[in-house]
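Residue-level structure breakdown
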Amino acid sequence: MTTPVAQIVDAAAYARAVEDVVRAAAAYYTDGTSPLDDDTYDRMVRGITAWEADHPDQVLPDSPTGKVAGGAVEGDIPHTIAMLSLDNVFSPEQFTAWTASLARRLGHAAERYSVEPKLDGLAIAARYTQGRLTRLITRGDGTAGEDVSHAMGTIEGLPETLAEPVSVEVRGEVLMTGTQFEHANEVRTAHGGQPFANPRNAAAGTLRAKERAYTVPMTFFGYALLPLPDTDDALAARLDDLAHSELMALAAELGVDTTATTVVPGVTAATTDEVLTRVRHIAALRAELPFGIDGIVIKADLAADQKAAGSGSRAPRWAIAYKLPAVEKITRLLEVEWNVGRTGIIAPRGVLEPVEIDGSTITYATLHNPADITRRDLRLGDQVMVHRAGDVIPRIEAPVAHLRTGAEKPIAFPEVCPRCGSAIDTGQERWRCEQGRNCHLVASLSYAAGRDQLDIEGLGATRVVQLVEAGLVADLADLFTLTREQLLGLERMGETSTDNLLAALSTARTRPLSRVLCALGIRGTGRSMSRRIARHFATMDNIRAADAEQIQQVEGIGAEKAPAIVAELAELAGLIDKLAAAGVNMTEPGAVHAPVDATDAETEAGTALTVTASEPPAGPLAGMAVVVTGAMTGSLEKLTRNEMNELIERAGGRASSSVSRKTSLVVAGEGAGSKRTKAENLGIRLVTPDEFAILTADYVDHADHAEQAG
Ligand code: IVH
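Residues numbered from 1 in each chain as written. Predicted model: local features only at pLDDT ≥ 70, side-chain atom pairs only at ≥ 80, totals over all residues. Heavy atoms only, no water.

**Notes on the site of the ligand**
Close contacts around the ligand come from 15 residues, with Glu-116, Leu-119, Arg-139, Glu-173 and Tyr-223 the closest. Between the ligand and the protein, one listed contact pairs an oxygen atom with a side-chain N or O atom of Tyr-223 at 3.0 Å. Separating a nitrogen atom of the ligand from a side-chain N or O atom of Lys-299 is a distance of 3.0 Å. The protein chains hide 88% of the 530 Å² of surface that the ligand would expose on its own. Of all elements in the fold, only strand S3 (113-119) and strand S11 (293-300) reach the threshold of two or more residues within the shell around the ligand. For the shell around the ligand, the element with the most residues is S3, which contributes four residues. For the shell around the ligand, the class distribution of residues is eight nonpolar, two polar and five charged. (Near = heavy atom within 4 Å. Polar contact = N/O pair within 3.5 Å; in protein donor to acceptor, adjacent residues only side chain to side chain. Areas by Shrake-Rupley, 256 points an atom, 1.4 Å probe, with all protein chains shown as cover. Helix = DSSP H or I, 4+ residues; strand = E, 2+ residues; numbered from the N terminus. Nonpolar A, V, L, I, M, F, W, Y, C, P; charged D, E, K, R; others polar.)

Put into structure tokens, the structure is as follows:
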């Protein structure tokens, strides 16, 4: 994590910091813009707080610390009960200290906690009168907020009528999902507007915009349910007594989406350890969530505990935000590079002024495709919001348009392939060199020779370059017709290296069809998809004879991908013939393809259909979904994850990367972490690598081991 506090050295720096923060907050709450990213903002506020603690006599009247966060805009609708903020903790130790102080206050440990995502949007109060949505109010300064009722009907999760005609106020967070954000910016720039920098700014700006030619959807998740002055007494008394988790269940029954309906639903936990396990779990899923979170909120669940703890003027004492490291920073887009991949795809990549996000320095960010650049209205020299969470490749969310100086330049798109100078096929969103795989032959051959494809030992990138430059290899199939003399004629190729490479090539000829298919690098099909296709069709001939509809019968191939695969196979026809002629195996061991030439499966129109029926899987893992996590040991030590997945599939199972209720078995090796914990929580069967090796002993591919030993 970056230093959590901005150091303030003297009164002048303090005054400047207060001014900057107040200005940023005002801009943010008026139109969703801010010259500071969240992390910088938070660090400055903490710096101000620290300085004020040491200099209590010099606190400025407009300091942001004295107010409820976001107090820059005064609204005109009073809140019935103040909309408070939350105090923060940043580590397990700080969280444990907080539970201890809560316990001191209560005279006992909190009976139970509720743990839910801290949604990164903006707070809103939604008032329902006799079951009808009548008013939407922003938080404002916490005591009064702005009327944003014009946004009613544009917020998913906030229905216009409830399941029962009750009068209640639901409070929660309005946000944009990643998809809604992309859509909002697309619509906005198409109308000549400037893009929003990130989903939260987009939600803030959209919510407050009164008259706009278009509406864009947003999303709501509730985190509080309270009575209004006209709520009937019995219901008011009930709401007052219900635990937070029960209130969320009630809100859901009334038809409102809550934190409980998100993909990381709120749960209750009995102990500090249980809370921290859940915190780690939610944090681990952060990068995959459809919406942004900036932490986890932990609340004393029971109404009695909440009442006993009470609230301060800024935040309740019964709840705390466990903040996660910032995943966004603003930096400058210096340049756009255009790289050609192994299939000929020309992909743009942003070169950034180096910026540190959550401990790593980021200098590049993906930009997907040219259309993406146009949609985002990106320009060279722009300040851009960069997002990086978990192991996912950093991405540019959007330009921070209000920071433009006018010196920004348009991004030039290449007119010819930047690698080989050939024409570019711009027919699809992703541009491609017309030479396709041949453009970057070295990359495509190195990929094909890789361990998870044909696994050709001794054929690293340097050797590939040598072969291509010597003119010996112009496509994948040429590798298999290399002669001893040709190889010996190369520099640094002695007798031993030559014989080893020829032996490795002979072994590569015998690899299963799934590996060959993967080596071809068909776009959109990776290792596991290649295995599924190979198992389904059993032979290359069957695959090539299949039409899109038949390809679509393979699990995971949809209506969009199927025709693309068929087209790609047609493009590769010459190469596949050449590989087969060079003796490369084109069948999948153990797979059976049962084409039912169905005179009895005729359609109404009388056309005969060929129905493909794969054999039901046999083997010790038949019908099981298996997840491998941690480091493998013993006889499985040498296997890559891909080889483990192959083994699972040979033994009849289905390899999967994430643990869910549908998982049947988890192989947990050394250092297994969150997946193991999740399996334990869900009561899923766990085995050690050794136990798994015994279970699948009959299905081990001895070629894997023999070759690695040799
Ligand atoms: S509870 C009195 N729960 O975070 C309790 N707040 O930094 C007040 N937020 O003002 C809030 N997710 O806008 C709560 N699950 C959640 C939340 C959440 C996001 C926001 C909310 C609050 C801010 C404090």
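That covers the picture; the talk isn't over yet.
**What to know about the sheet that holds strand S10 (residues 267-269)**
Strand order in the open sheet made by the five strands is S2-S12-S11-S3-S10, with mixed pairing throughout. Looking along the sheet, the strands with just one partner apiece sit at the ends: strand S2 (88-89) and S10. Judged from the five bridges that link them, S11 and strand S12 (residues 319-323) form a sheet pairing that is antiparallel. Counted as the bridge partner of Ile-298 is Ile-320 from S12. Sitting on the sheet, helix H3 (residues 92-106) touches S2, S3, S11 and S12, and the angle it makes with S12 is about 175°. (Pairing = 2+ DSSP bridges. Contact = heavy atoms within 4.5 Å. Axes fitted to C-alpha atoms, helices over the stretch in contact; angles between N-to-C directions.)

**Description of helix H6 (residues 233-241)**
Those residues of H6 that sit buried are Leu-235, Ala-236 and Leu-239. Around the axis of H6, the buried residues are gathered within 100° of arc, so they sit on the same side. Those residues of H6 that are exposed and aimed more than 90 degrees away from the buried face are Asp-233, Ala-234 and Asp-241. Where H6 is buried, its residues contact strand S8 (168-175), strand S9 (218-227) and helix H7 (244-254). The distance from a side-chain oxygen at the start of H6 to the backbone nitrogen of Ala-234 is 3.1 Å, and the residue carrying that oxygen is Asp-232. (Buried < 20%, exposed > 50% of the residue type's maximum accessible area, 1.4 Å probe, protein only. Arc of directions from axis to C-beta.)

**Re the sheet that holds strand S24 (residues 625-629)**
Spatial strand order, S25-S24-S26-S27: four strands in an open sheet with parallel pairing. Each edge of the sheet is formed by a strand with only one pairing partner; in this case those strands are strand S25 (654-656) and strand S27 (685-687). Sheet twist, expressed as the average angle between the axes of neighbouring strands with direction ignored, equals 30°. Pairing analysis gives three bridges linking S24 to S25, with the strands arranged parallel. Note on S25: the bridge partner recorded for Val-626 is Ala-655.

**Focus: the packing of helix H16 (residues 527-537) against helix H21 (residues 641-650)**
Interhelical geometry of H16 versus H21 gives an angle of 25° and a closest axis separation of 11 Å. The orientation of H16 with respect to H21, classified from their angle, is roughly parallel. Relative to H21, H16 is oriented so that their crossing is right-handed. For the pair H16 and H21, the contacting residues are Arg-527, Arg-531 and Arg-535 in the first and Asn-642, Asn-645, Glu-646 and Glu-649 in the second. Looking at the contact of H16 with H21 residue by residue, the class counts come to no nonpolar, two polar and five charged. (Parallel < 35°, antiparallel > 145°, perpendicular 65-115°, else oblique. Left-handed = near helix turned anticlockwise from the far one by under 90°.)

**Focus: the environment of Gln-180**
Mapped onto the elements of the fold, Gln-180 is located in helix H4 (residues 178-190). A distance of 2.8 Å separates the side chain of Gln-180 from the side chain of Thr-219, its partner in a polar contact.

**Concerning the confidence of the model for the chain**
Confidence along the chain averages 89 in pLDDT terms, with 93% of residues attaining 70 or more. Under a pLDDT of 50 for its full length, residues 68-74 has, in the predicted model, 24 contacts with residues more than four places off or in other chains. When the criterion is pLDDT under 50, residues 705-710 qualifies, and its contacts beyond four places in sequence or with other chains add up to eleven contacts. (pLDDT = per-residue confidence, 0-100.)

**Description of helix H2 (residues 38-54)**
Between its terminal C-alpha atoms H2 stretches 25 Å, which fits the 24 Å expected from 17 residues at 1.5 Å a residue. Within H2, the full set of buried residues consists of Asp-39, Arg-43, Met-44, Arg-46, Gly-47, Ile-48, Trp-51 and Glu-52. (Expected span 1.5 Å × (residues − 1).)

**Focus on the nonpolar core**
Ile-456, Leu-476, Leu-479 and Leu-520 are the most contacted members of the largest nonpolar core, which has 49 residues in total. Of all elements in the fold, only helix H11 (441-449), helix H12 (461-469), helix H14 (495-509), helix H15 (513-520), H16, helix H17 (540-545), helix H19 (561-571) and helix H20 (573-581) reach the threshold of two or more residues within this core. If we skip the residues at most four places from it in the chain, Ile-456 touches Ala-449, Leu-479, Leu-501, Ala-504, Leu-505 and Ala-508. If you look at the next biggest cluster of nonpolar residues, it comprises 40 residues, including Met-176, Val-187, Ala-202 and Leu-254. (Core = buried A, V, L, I, M, F, W, Y, C linked by side-chain atoms within 4.5 Å.)

**Thoughts on the pairing of S24**
Taken across its five residues, S24 has five buried, putting it largely inside the fold. Alternating positions in S24 separate into two faces, Ala-625, Val-627 and Thr-629 on one and Val-626 and Val-628 on the other, with burial throughout. In this fold, S24 hands off to H21, which returns the chain to S25; that crossover is right-handed. The pairing of S24 with strand S26 (residues 665-668) spans four bridges and is parallel. (Right-handed = clockwise from strand over helix to strand, strands pointing away.)

**Focus: the packing of H15 against H16**
Running from N to C, H15 and H16 cross one another at 130°; their axes reach a closest spacing of 8 Å. Between H15 and H16, the interaxial angle falls into the category oblique. Crossing of H15 against H16: the hand is right-handed. Contacts between H15 and H16 involve Leu-513, Ser-514, Leu-517 and Cys-518 on the former and, on the latter, Arg-527, Ser-530, Arg-531, Ile-533 and Ala-534. Taken together, the residues of the contact of H15 with H16 sort by class into five nonpolar, two polar and two charged.

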